[in-house]
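Take a look at the letters that make up each chain.
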Amino acid sequence: MQPITSADGQLLDKFLLILQETENEFGKRIERDLIVPPNAVVRASKSGKSSDEKHRTFLNEVLRPLVGRKFLLFLDCWTTQTDLKKFRAVFPHQDSQLLVFPEGSTGHIQPQDLSLFRSWRYFHKKIEHYVHINRTEMNLNDRQYFINMHSIIHNQLSAPPFKNLIKSGFIQAKILNEIVGEINKPKDVCFKFYDLYCSAIRCEERTLLTCAWCKRHLCYYHLIEDLHLHL
């Protein structure tokens, strides 16, 4: 999973999600049946990890539509994504630059590691706990479940209450020299609620979270299955 954050505290509109499959691409039937939300670009690989081809997809289909002519891109030192020739093939203008974090520094100066990914994992954990505790009728190995779940997490963390949270990663990494205001965390924004039941009409299922955008209390079905997105 590869999202894009900006130093002004934005989680940008799209992210790349790679699912582990027996081949490096989806079969025709699987690809036909998958529903891909508008904030996700989904690919398959045998390892479940990125590759040279998948990184090209990230640059072309995820990053390029979201940036202007002039930008600075920070990336980890993984060789698959630090090829300057590949970067220049997609972004030929010298106004765009690639900066690579030194090996072993990710946990100290990578902004997403310092803020976003912790919150992403927290959402993931809370959703899966809900599924197990409430014995929700779904298959945890289902591709569509993973696509929908990560699409929802991305969309929730894109909400205005989390702007300072995302920006704080850049401040901790010393990329920005600013003082950030109050930092809202998912446990307080989305998982501290008093209405125990879903606010959807005629739904009697337990609340999974409070939407960070509209403040509705939503169950698993009306959040994940029904894809509750604010785009």
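Look up: the structure comes first, before these words.
For every chain, the first residue of its written sequence is number 1, and the numbers climb from 1 along that sequence. For a predicted model such as this one, the threshold for reporting local features is a pLDDT of at least 70, and the threshold for listing and counting side-chain atom pairs is 80 or more; totals across whole chains, interfaces and linings nevertheless cover every residue. Hydrogens and waters are ignored; side-chain quantities use all the structure's heavy atoms.

**Student:** Tell me about the pattern of salt bridges, residues and numbers included.
**Tutor:** The working definition used for a salt bridge is a side-chain nitrogen of Lys or Arg within 4 Å of a carboxyl oxygen of Asp or Glu. Applying the stated criterion across every chain yields a total of 10 salt bridges. The residue Lys-167 makes a salt bridge to Glu-178 at a minimum N-O spacing of 2.8 Å. Here Lys-167, found in helix H7 (residues 163-172), pairs with Glu-178, found in the loop between H7 and helix H8 (186-189); they are 11 residues apart in sequence, far enough to count as distant. On the basis of relative accessibility, which here comes to 18%, the residue Lys-167 falls in the buried class. One network of salt bridges, with partners in common, ties together Arg-29, Arg-32 and Asp-33. Runs of E in the DSSP output that reach at least two residues are strands. Runs of H or I that reach at least four are helices, and both are numbered from the N terminus. Relative accessibility under 20% of the residue-type maximum defines a buried residue, over 50% an exposed one, and the middle range a partly exposed one, all with a 1.4 Å probe and only protein chains included.

**Student:** Can you lay out the packing of aromatic side chains for me, pointing to particular residues and giving the numbers?
**Tutor:** Any two of the Phe, Tyr and Trp rings considered here, Trp counted by its six-membered ring, make a pair once their centres fall within 6.5 Å; the pair's planes then place it as stacked at under 30 degrees, edge-to-face at over 60, or tilted in between. Taken as a whole and assessed by the stated rule, the structure comprises 10 aromatic pairs. Considering the side-chain rings of Phe-71 and Phe-91, the 4.9 Å spacing of their centres and the 80° angle between planes classify their relative orientation as edge-to-face. In this pair, Phe-71 sits in strand S3 (residues 71-75) while Phe-91 sits in the loop between helix H3 (84-90) and strand S4 (96-100), placing the two residues 20 residues apart along the sequence. Taking relative accessible area as the criterion, Phe-71 reaches 13% and is therefore assigned buried. Between Tyr-145 and Tyr-220 the ring centres are 6.5 Å apart and the planes differ by 35°, which places this aromatic pair in the tilted class. A residue pair is termed long-range when its members are at least 10 positions apart, and Tyr-145 in helix H6 (residues 143-157) and Tyr-220 in helix H9 (residues 220-225) qualify at 75 residues. Taken as a pair, Tyr-145 and Tyr-220 share a single burial class, namely buried. An aromatic cluster of at least three residues, connected via ring pairs, comprises Tyr-122, Phe-123, Phe-162 and Phe-191.

**Student:** Requested: an account of the environment of Pro-102, with residues and values cited.
**Tutor:** Tracing the sequence through the fold places Pro-102 in the loop between S4 and helix H4 (106-109). A contact between two residues is defined here by any heavy atoms of the two lying within 4.5 Å. Apart from residues no more than four positions distant in its own chain, Pro-102 is found in contact with Cys-77 and Ile-109.

**Student:** Give a description of H6 that names residues and reports values.
**Tutor:** Take the residue count of a helix, subtract one, and multiply by 1.5 Å to get its expected span. Taking 1.5 Å of rise per residue, 15 residues should cover 21 Å, and H6 covers 21 Å from first to last C-alpha, within 8% of that figure. Among the 15 residues of H6, 13 are classified as buried, and the element is accordingly described as predominantly covered. We define a polar contact as two N or O atoms separated by no more than 3.5 Å, with the added condition that, inside protein, one atom must be a possible hydrogen donor and the other a possible acceptor, whereas residues neighbouring each other in sequence contribute only through side-chain atom pairs. Capping the start of H6, Asp-142 holds a side-chain oxygen 3.2 Å from the backbone nitrogen of Gln-144, two or three residues further along.

**Student:** Any details on the pairing of S3? Residues and values, ideally.
**Tutor:** Here S3 shows a buried face lined by Phe-71, Leu-73 and Leu-75 and an unburied face lined by Leu-72 and Phe-74. Bridging between S3 and S4 involves 5 bridges; their strand directions are parallel. Looking at S4, one finds that Leu-73 is bridged to Leu-98. Here a crossover is taken to be right-handed if, once the strands point away from the viewer, the path from the first strand over the helix to the second is traced clockwise. Where the polypeptide runs from S3 across H3 and back to S4, its parallel neighbour, the crossover connection is right-handed. When DSSP locates at least two bridges between a pair of strands, those strands are taken to pair.

**Student:** Give a description of the environment of Gly-181 that names residues and reports values.
**Tutor:** Examined against the element boundaries, Gly-181 turns out to sit in the loop between H7 and H8. By relative accessible area, which is 44% here, Gly-181 ends up partly exposed. Each C-alpha atom of the pair Gly-181 and Asn-39 lies 28 Å from the other, and the pair is 142 residues apart in sequence.

**Student:** Tell me what's going on with the pairing of strand S1 (residues 15-20), and back it up with residues and numbers.
**Tutor:** Of all 6 residues that make up S1, 5 are buried, and the element is covered over most of its length. Relative to strand S2 (residues 40-45), S1 is paired through 6 bridges, and the arrangement is parallel. Within the sheet, the bridge partner assigned to Ile-18 lies in S2 and is Arg-43. Once you follow S1 into helix H1 (residues 28-33) and on to S2, the crossover reads as right-handed.

**Student:** Before we move on, can you summarise the nonpolar core with the specific residues and values?
**Tutor:** Nonpolar side chains tend to gather and get buried jointly when the protein is soluble and globular. Joining through side-chain atoms within 4.5 Å is the link that ties buried Ala, Val, Leu, Ile, Met, Phe, Trp, Tyr and Cys residues into a set, and such a set is a nonpolar core. Formed by 42 residues in total, the largest nonpolar core has its most connected members in Phe-123, Leu-157, Phe-162 and Cys-190. Of all the secondary-structure elements, those providing two or more residues to this core are S1, S2, helix H5 (111-133), H6, H7 and H9. The element contributing the most residues to this core is H5, with 7 residues. Those residues in contact with Cys-190 that lie beyond four places of it in its chain are Phe-123, Gln-156, Phe-162, Leu-209, Thr-210 and Ala-212. Judged by nonpolar contacts, the second largest core, of 16 residues, contains Leu-16, Ile-18, Val-41 and Leu-73.

Nothing here speaks to function; it is geometry throughout.
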